[in-house]
Amino acid sequence: MTKFFKFAAAATIILIAIMYFMFFLKNSKKENAKEIYIIVPKGASIAAVSDSLAKYDLIRSKLLFKMAARILGTGSRLQPGSYRIAYGLSNTEIISRLTGSEFAILFEATFPEGSNIRRVASIAKEKLGLDSALFIKTASDTAFIHSLGVPHEAKNAEGYLFPDTYRFYLMMTPQELVKRMIARWKEVLPDSILARRKNLNLSVHELMTLASIVEAEARLPVERDTIAGVYWNRLKIGMKLDADPSVQYGLGLSRPITHDDLFKENSYNTYLNIGLPPGPICNPGKPAVLAALNPAKHDKIYFVARGDGSGGHYFSHSGAEQEKMIRRSNRNERE
């Protein structure tokens, strides 16, 4: 019996020692060492994670780390992402960092309403480190974007890259970001909303094109439906839309357009071509789409910026009234 107790005591001590080494012993610490960024890809195994940790000498033993992780059930709780791991942590502390969000690196990018595809690509490069040219190429891959639900009339994803703030725990590829933004468009503007376009006899693509013009023109939220009403009135009577932003988009300009620009032929020049341009000129937000779906009912067919810096417009129902509003706007600019 004495031998049994001695054996049991020895076994208990060994087990406690193993448990201590496995869970609580601090791994090697390096003086003045910075935290290491460990990437956990989608579907990564504990073995693959332990290899990454061992590569940077963050753990003493891959075997003990894997045993600790499996005992704690870490495999089912691993989330893809990039994590900050410091030297001198125990296996338990490392596992805690890899299965929580406190030490995960958050990638975030905000794409404002009215951003065109070039601006979206620029923000993706600045905030997410994506190749802007590759992003535009991906967003212009018609087979790819049509497979995601973008209407087949669309030649690129302009209008369907929904403006919003996107957060990721794992760096996205251009394909993944385009897919995520189009999915968000479908989520915010489901078929139940887009179906209202039938009342206006518009296709989804035409609706998004009209909404993009409203988005680009309306500086004040309160004017969205009024501006939508102006364009809808012009469409109904076969009048050219005369939308400055469409001309700007067609010429690829970031500056305001000049009088000469109005006579430069391209498919987006609504001063020369009747009807809607061939596609959206930016990525509109939900309010602009709703305004396009519910244009204000009025008799206005003209509008001009107030010229006072407010972002508002004067609306007119005739050419003569428009001339008066233009003179009023010019006086505001001089005052």
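Everything below is about the structure printed above this text.
Here the structure is a predicted model, which is why all the values come from computation and not from measurement.

A. Expanded view of the packing of aromatic side chains. Summed over all chains, the structure comprises five aromatic pairs. In this arrangement the basic side chain of Arg 97 is found over the ring face of Phe 103, its NZ or CZ atom lying 3.7 Å from the centre.

B. Representation of the side chain of Thr 74 within the structure. Its place among the elements puts Thr 74 in the loop between α3 (62–71) and β2 (81–85). Look past the residues within four positions of Thr 74 in its chain and what remains in contact with it is Ile 46, Ala 69, Ile 95 and Thr 99.

C. Region of interest: the packing of helix α10 (residues 204–217) against helix α13 (residues 286–293). Interaxial distance between α10 and α13 falls to 8 Å at its minimum, and their mutual angle equals 115 degrees. The orientation of α10 with respect to α13, classified from their angle, is roughly perpendicular. Handedness of the crossing formed by α10 with α13: right-handed. Contacts between α10 and α13 pair Leu 207, Met 208, Leu 210, Ala 211, Val 214 and Glu 215 from the former with Ala 288, Val 289, Ala 291, Ala 292 and Leu 293 from the latter.

D. Molecular detail of the environment of Glu 31. Its place among the elements puts Glu 31 in the loop between α1 (2–24) and β1 (36–40). By relative accessible area, Glu 31 is classed as exposed at 69%. Considered as a pair, Glu 31 and Gly 88 are 57 residues apart in the sequence and their alpha carbons are 9.8 Å apart.

E. Representation of helix α14 (residues 319–334) within the structure. Taking 1.5 Å per residue as the helical rise, α14 with its 16 residues ought to reach 22 Å, and the 23 Å between its terminal C-alpha atoms agrees with that figure. Listing the buried residues of α14 in full gives Gln 322, Met 325, Ser 329 and Asn 332. Angularly, the buried residues of α14 cover 75 degrees about the axis, an arc narrow enough to put them on a single face. Within α14, the exposed residues directed more than 90 degrees away from the buried face are Ala 320, Lys 324 and Arg 334. Residues of α14 that are buried in the fold lie against β5 (302–305) and β6 (313–316).

F. Structural view of a positive patch on the surface. Side chains of Lys 324, Arg 327, Arg 328, Arg 331 and Arg 334 sit close together on the surface and give a patch of like positive charge. Within the secondary structure, Arg 331 is located in helix α14. Note on Arg 331: relative accessible area 41%, which makes it partly exposed.

G. Representation of the layout of surface pockets in the model. Here the largest pocket defines a volume of roughly 980 Å³. Every residue lining the largest pocket is counted, 32 residues in all, and those nearest its centre are Glu 217, Arg 219, Asp 244, Pro 245 and Gln 248. Of all the secondary-structure elements, those providing two or more residues to the lining of the largest pocket are α10, α11 (224–236), α12 (244–250), β5 and α14. When the residues that make up the lining of the largest pocket are grouped by side-chain class, the tally is 16 nonpolar, eight polar and eight charged. Approximately 150 Å³ is the volume found for the second largest pocket. By residue class, the composition of the lining of the second largest pocket is five nonpolar, four polar and one charged.

Conventions and cut-offs
- Residues numbered from 1 in each chain as written.
- Predicted model: local features only at pLDDT ≥ 70, side-chain atom pairs only at ≥ 80, totals over all residues.
- Heavy atoms only, no water.
- Phe/Tyr/Trp six-rings, centres within 6.5 Å; stacked < 30°, edge-to-face > 60°.
- Lys NZ or Arg CZ within 6 Å of the ring centre and 35° of its normal.
- Helix = DSSP H or I, 4+ residues; strand = E, 2+ residues; numbered from the N terminus.
- Contact = heavy atoms within 4.5 Å.
- Axes fitted to C-alpha atoms, helices over the stretch in contact; angles between N-to-C directions.
- Parallel < 35°, antiparallel > 145°, perpendicular 65-115°, else oblique.
- Left-handed = near helix turned anticlockwise from the far one by under 90°.
- Buried < 20%, exposed > 50% of the residue type's maximum accessible area, 1.4 Å probe, protein only.
- Expected span 1.5 Å × (residues − 1).
- Arc of directions from axis to C-beta.
- Patch = residues over 30% accessible without salt bridge, like charges linked within 9 Å, V, L, I, M, F, W, Y side chains within 5 Å.
- Areas by Shrake-Rupley, 256 points an atom, 1.4 Å probe, with all protein chains shown as cover.
- Salt bridge = Lys/Arg side-chain N within 4 Å of Asp/Glu carboxyl O.
- Lys, Arg positive; Asp, Glu negative; His and termini not counted.
- Charge placed at Lys NZ, Arg CZ, Asp CG, Glu CD.
- 1 Å grid on protein atoms, 1.4 Å probe; cavity = no way out; pocket = protein on both sides within 12 Å on 5 of 7 lines; lining within 4 Å.
- Points joined across faces, edges and corners; volume = space filled by probe spheres on them.
- Nonpolar A, V, L, I, M, F, W, Y, C, P; charged D, E, K, R; others polar.

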